[in-house]
Amino acid sequence: NSSRSALQKYGEEYISLIFSLPPLPFRAFDAKQLFSEMDRRKEVTERPIFRILIDEKKYILKFHEDYSKDFISNEIITVKDKITKQTVFYISRTGSIFPMQDIKKIIPIISIFVRNVADFKTYILNYGLESGECSVCGRTLTDPFSVRMGIGPICGGYR
């Protein structure tokens, strides 16, 4: 009875996504490319940020910050909803995902993220192409070359 009501409430695709993932937290993927992009940006700016689209929602990825201790960890990436500024999940350098418990629809977000992050460089550039904003700083892209690249001239280093 509870299975039937869950299926009716959330739909077959959502339920199948839940069963496709191991118990959380779990080592979801090889995070080397994701962290190498963050490390590369850290050489340019103290607080690197990337923006991505998941299910037509915008998210911000940055190294985890503890404001109370003025501490930044380059071993953990925080994924936040760009609009609400709410943390959705954390990613460790080993590729483990630690979701926040009170986030709705976390399974589809993680599933889409894990499927698409294998080529993270393409993933962040697609944000710029789809949103019309720089995938690093979030400014509106106006130059045709920048729009094709998905990243502005300053953030892309081709100014």
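All of these numbers come straight from a predicted model, not from anything done at the bench.

J.: Would you mind showing me how to read helix H3 (residues 32-42) here?
T.: The periodicity of an α-helix, 3.6 residues per turn, causes residues three or four places apart in sequence to face the same way. Considered for burial, the residues of H3 that qualify are Leu34, Phe35, Glu37, Met38 and Arg41. End-on view of H3: buried residues confined to an arc of 155 degrees, all on one side of the axis.

J.: Can you help me understand the nonpolar core in this one?
T.: The nonpolar side chains of a soluble globular protein tend to be buried, and buried together. In terms of nonpolar packing, the biggest core is built from 30 residues, with Ile52, Phe89, Ile91, Phe113 and Phe120 touching the most fellow members. When residues of this core are traced back to their parent elements, those giving at least two are H3, strand S2 (49-54), strand S3 (57-66), strand S4 (71-81), strand S5 (87-92), helix H4 (106-116) and helix H5 (120-131). Considering every element that reaches this core, the biggest residue donor is H4, with five residues.

J.: I tried to follow the packing of aromatic side chains on my own but got confused; where do I start?
T.: Note on aromatic pairs: each is described by the distance of the centres and the angle between the planes. In total, this model carries one aromatic pair according to the counting rule given. Between the aromatic rings of Phe35 and Phe63, the centroid separation amounts to 6.3 Å while the plane-to-plane angle is 40 degrees, which identifies the pairing as tilted. Of the two residues, Phe35 is situated in helix H3 and Phe63 in strand S3; the sequence distance between them amounts to 28 residues. By the burial criterion, Phe35 is buried, and Phe63 matches it.

J.: Can you help me understand the pattern of salt bridges in this one?
T.: Here the idea is simple: oppositely charged side chains can pair when their charged atoms come close. According to the stated counting rule, one finds eight salt bridges in the structure shown. We note a salt bridge from Glu37 to Arg40, for which the minimum N-O separation is 3.0 Å. Remark: Arg40 and Glu37 occur in helix H3; sequence separation between them is three residues, near one turn of the helix. Here Lys58 ties to Glu133 by a salt bridge, and the two come within 3.0 Å at their closest N and O atoms. One end of the pair, Lys58, is in strand S3; the other, Glu133, is in the loop between H5 and helix H6 (144-149), and 75 residues separate them in sequence. In this structure Lys58 comes out as partly exposed when scored by relative accessible area, which is 24%.

J.: Can you help me understand H5 in this one?
T.: Along its 12 residues, H5 runs 17 Å from first to last C-alpha, staying within 8% of the 16 Å computed at 1.5 Å per residue. Of all the residues in H5, the buried ones are Phe120, Tyr123, Ile124, Tyr127 and Gly128. Buried residues of H5 fall within an arc of 150 degrees about the axis and therefore sit on the same side.

J.: Got a minute to help me understand the environment of Gly157 in this structure?
T.: Of note, Gly157 is situated in the segment after helix H7 (153-156). A residue is classified by how much of its surface remains accessible, and Gly157, at 66% relative accessible area, is exposed. Considered as a pair, Gly157 and Val44 are 113 residues apart in the sequence and their alpha carbons are 9.8 Å apart.

J.: Even after reading the chapter, I still don't get the environment of Arg47, so can you show me in this structure?
T.: Relative to the helices and strands, Arg47 is located in the loop between H3 and S2. Engagement of the side chain of Arg47 in a polar contact is seen with the side chain of Glu65, the distance being 3.0 Å.

J.: Which parts of the structure should I look at to understand the pairing of S2?
T.: Regular strands place side chains that alternate from one sheet face to the opposite one. Here S2 lies mainly inside the structure; five of its six residues are buried. Bridge count for S2 against S3 is six bridges, and the pairing is antiparallel. In the sheet register, Ile52 faces S3, and the bridge partner there is Tyr59.

J.: Just to check I follow, could you spell out the side chain of Ser135 for this structure?
T.: Among the secondary structure elements, Ser135 is positioned in the loop between H5 and H6. For Ser135, a relative accessible area of 0% gives the class buried. Ignoring sequence-local partners within four residues, the contact set of Ser135 consists of Ile49, Phe50, Arg51, Ile124, Leu125, Tyr127, Gly128, Gly150 and Ile151.

The rules we used
Residue numbers run consecutively from 1 along every chain, following the written order of its sequence. The model is predicted, so local features are restricted to residues of pLDDT at least 70 and side-chain atom pairs to those at 80 or more, both for listing and for counting; the totals for chains, interfaces and linings are taken over all residues. The side-chain figures draw on all heavy atoms in the structure; neither hydrogens nor water molecules are used. Any residue under 20% of the maximum accessible area for its type is buried, any over 50% is exposed, and the rest in between are partly exposed; the area is computed with a 1.4 Å probe on protein chains only. Only DSSP runs of H or I covering at least 4 residues are called helices, and only runs of E covering at least 2 are called strands; the numbering of each starts at the N terminus. Note: the arc covers the axis-to-C-beta directions of the helix. By convention a nonpolar core is built from buried Ala, Val, Leu, Ile, Met, Phe, Trp, Tyr and Cys residues, the set being connected through side-chain atoms within 4.5 Å. Centres within 6.5 Å make a pair out of two Phe, Tyr or Trp rings, where for Trp the six-membered ring is used; the pair is then stacked when the planes are under 30 degrees apart, edge-to-face when over 60, and tilted otherwise. Every case where a carboxyl oxygen of Asp or Glu lies within 4 Å of a side-chain nitrogen of Lys or Arg is listed as a salt bridge. Take the number of residues in a helix, subtract one, and multiply by 1.5 Å to get its expected span. N or O atoms within 3.5 Å of each other form a polar contact, as long as, within protein, one can give a hydrogen and the other can take it, and as long as residues adjacent in sequence are counted only when both atoms are side-chain atoms. A pair of strands is treated as paired once DSSP finds two or more bridges between them. Contacts between residues were defined by any pair of non-hydrogen atoms, one from each residue, lying within 4.5 Å.

As far as function goes, none of this settles anything; it's purely spatial.
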